[in-house]
Amino acid sequence: GLLDRTLHSRRQVESIIGLAVLAEIPRAFPKDRDLGETLFVTRDPTSLVSEGIRSLRTSLSAHAPRSVMVTSASPGEGKSFLAANLAILQANMGYRTLLVDADFRRPSMAGIFIDPLRGREGQEGLATQGFCQETAFKNLHLISCGRFASDTGEPMNGEIFARMLHEAYASFDCVIIDTSPILAVSDGLNYSRHADAVVLVVRAGETGADSAKQ
């Protein structure tokens, strides 16, 4: 126990990192479960997981952010799960919601929310990524940013991201952004200055205290 440097409780997070915990979401599925099977706010809206996500939304609403960026220190800590569920929750409440998949290293949202048969004629569905697309959920649209990457593989720069975000505010009530883990790549740090709020996901028993602080 003395050698365990992972975070386990709200008290640990707040004392070690110095940030307020917005919500606690129970663990309800194995780490390697497919993301499409973890949309709890739709699959099981009365579950404790869904209630935890509603608590997060309530905590965020006190600050009235137009855009919320969701990230984590390292891969596999639950940021994409949280971003997807938060976006669906906002859409279900009647808000025009845009989900931005800005995780250039491991984009996953298009495979969940976009029917591959709805792509442009003569193209695969994911070939249209980079454009705002309707999803199967009412009031929810998706932009997958893969098409904004350069030929060298570099993701879009902060200026283009800020311009895209500004245009989104004219058409949507809220924007939820899923980005890369910030210790793995620097994309999230670059984009975070343009979002109204940033949520750092900590996975109990797995996220290291030093990683979260960094």
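The structure displayed is predicted, hence computed values, not measured ones. (Residues numbered from 1 in each chain as written. Predicted model: local features only at pLDDT ≥ 70, side-chain atom pairs only at ≥ 80, totals over all residues. Heavy atoms only, no water.)

Participant: Could you clarify how one ought to interpret the environment of glutamate 37 in this entry?
Facilitator: Mapped onto the fold, glutamate 37 is located in the loop between α1 (10–16) and α2 (40–43). In this structure glutamate 37 comes out as partly exposed when scored by relative accessible area, which is 37%. For the pair glutamate 37 and isoleucine 112, spaced 75 residues apart in the sequence, the C-alpha separation amounts to 9.3 Å. (Helix = DSSP H or I, 4+ residues; strand = E, 2+ residues; numbered from the N terminus. Buried < 20%, exposed > 50% of the residue type's maximum accessible area, 1.4 Å probe, protein only.)

Participant: Help me understand helix α6 (residues 158–171), please; the structure alone is not making it clear to me.
Facilitator: One full turn of an α-helix is made of 3.6 residues, so residues set three or four places apart face in the same direction. Here α6 contains 14 residues, and its C-alpha end-to-end distance of 21 Å stays within 8% of the 20 Å for a straight helix at 1.5 Å per residue. Three or more residues of α6 are buried, namely Gly158, Phe161, Met164, Leu165 and Ala168. The buried residues of α6 occupy an angular sector of 120 degrees when projected down its axis, which confines them to one face. Exposed side chains of α6 directed beyond 90 degrees from the buried face belong to Glu159, His166, Glu167 and Ala170. The elements touched by buried residues of α6 are β1 (67–72), β2 (97–102), β4 (140–144), β5 (174–179) and α7 (187–192). If you check the start of α6, you find a side-chain oxygen 3.1 Å away from the backbone N of glutamate 159, and it comes from asparagine 157. (Expected span 1.5 Å × (residues − 1). Arc of directions from axis to C-beta. Contact = heavy atoms within 4.5 Å. Polar contact = N/O pair within 3.5 Å; in protein donor to acceptor, adjacent residues only side chain to side chain.)

Participant: Looking at this structure, I do not really get the packing of aromatic side chains. What am I missing?
Facilitator: Aromatic ring pairs are defined here through the distance separating the ring centres and the angle between the ring planes. Considering all chains together, one arrives at two aromatic pairs under this definition. Pairing phenylalanine 113 with phenylalanine 137 gives two aromatic rings, centres 5.8 Å apart and planes at 65 degrees, and the pair type is edge-to-face. A residue pair is termed long-range when its members are at least 10 positions apart, and phenylalanine 113 in helix α5 (residues 109–113) and phenylalanine 137 in the loop between β3 (133–134) and β4 qualify at 24 residues. Of the residues examined, phenylalanine 113 reaches a relative accessible area of 4% and is grouped as buried. The ring of tyrosine 169 has arginine 66 lying over it, and the distance from NZ or CZ to the ring centre is 3.9 Å. (Phe/Tyr/Trp six-rings, centres within 6.5 Å; stacked < 30°, edge-to-face > 60°. Lys NZ or Arg CZ within 6 Å of the ring centre and 35° of its normal.)

Participant: Before we go on, may I ask you to explain the confidence of the model for the protein in this structure?
Facilitator: The predicted coordinates ought not to be read in detail in places where the model reports low pLDDT. When pLDDT is averaged along the protein, the result is 84, and 88% of the positions lie at 70 or above. Contacts for the low-pLDDT stretch residues 116–130, under 50 throughout, to residues beyond four places or in other chains number 20 contacts. (pLDDT = per-residue confidence, 0-100.)

Participant: Honestly, the pairing of β2 in this entry has me stumped. Any pointers?
Facilitator: Of all six residues that make up β2, six are buried, and the element is covered over most of its length. Taken together, the five bridges between β2 and β4 define a ladder with parallel strand orientation. The residue of β4 that forms the bridge with leucine 98 is histidine 141. Note: β2 against β5, six bridges, orientation parallel. Among the inter-strand pairings, threonine 97 is bridged to a residue of β5, identified as cysteine 174. (Pairing = 2+ DSSP bridges.)

Participant: Sorry, what's going on with the sheet that holds β5 here?
Facilitator: The pairing of strands in a sheet happens through backbone hydrogen bonds and is either parallel or antiparallel. Reading across the sheet, the six strands line up as β3-β4-β2-β5-β1-β6 and stay open at both edges, with mixed pairing between neighbours. Looking at which strands have only one partner, the edges of the open sheet turn out to be β3 and β6 (197–201). Bridging between β1 and β5 involves four bridges; their strand directions are parallel. Following the sheet pairing, serine 67 is matched in β5 by valine 175. Most of the contacts of helix α4 (residues 79–92) go to β5, to which it runs at about 165 degrees, and overall it touches β1, β2, β4, β5 and β6. (Axes fitted to C-alpha atoms, helices over the stretch in contact; angles between N-to-C directions.)

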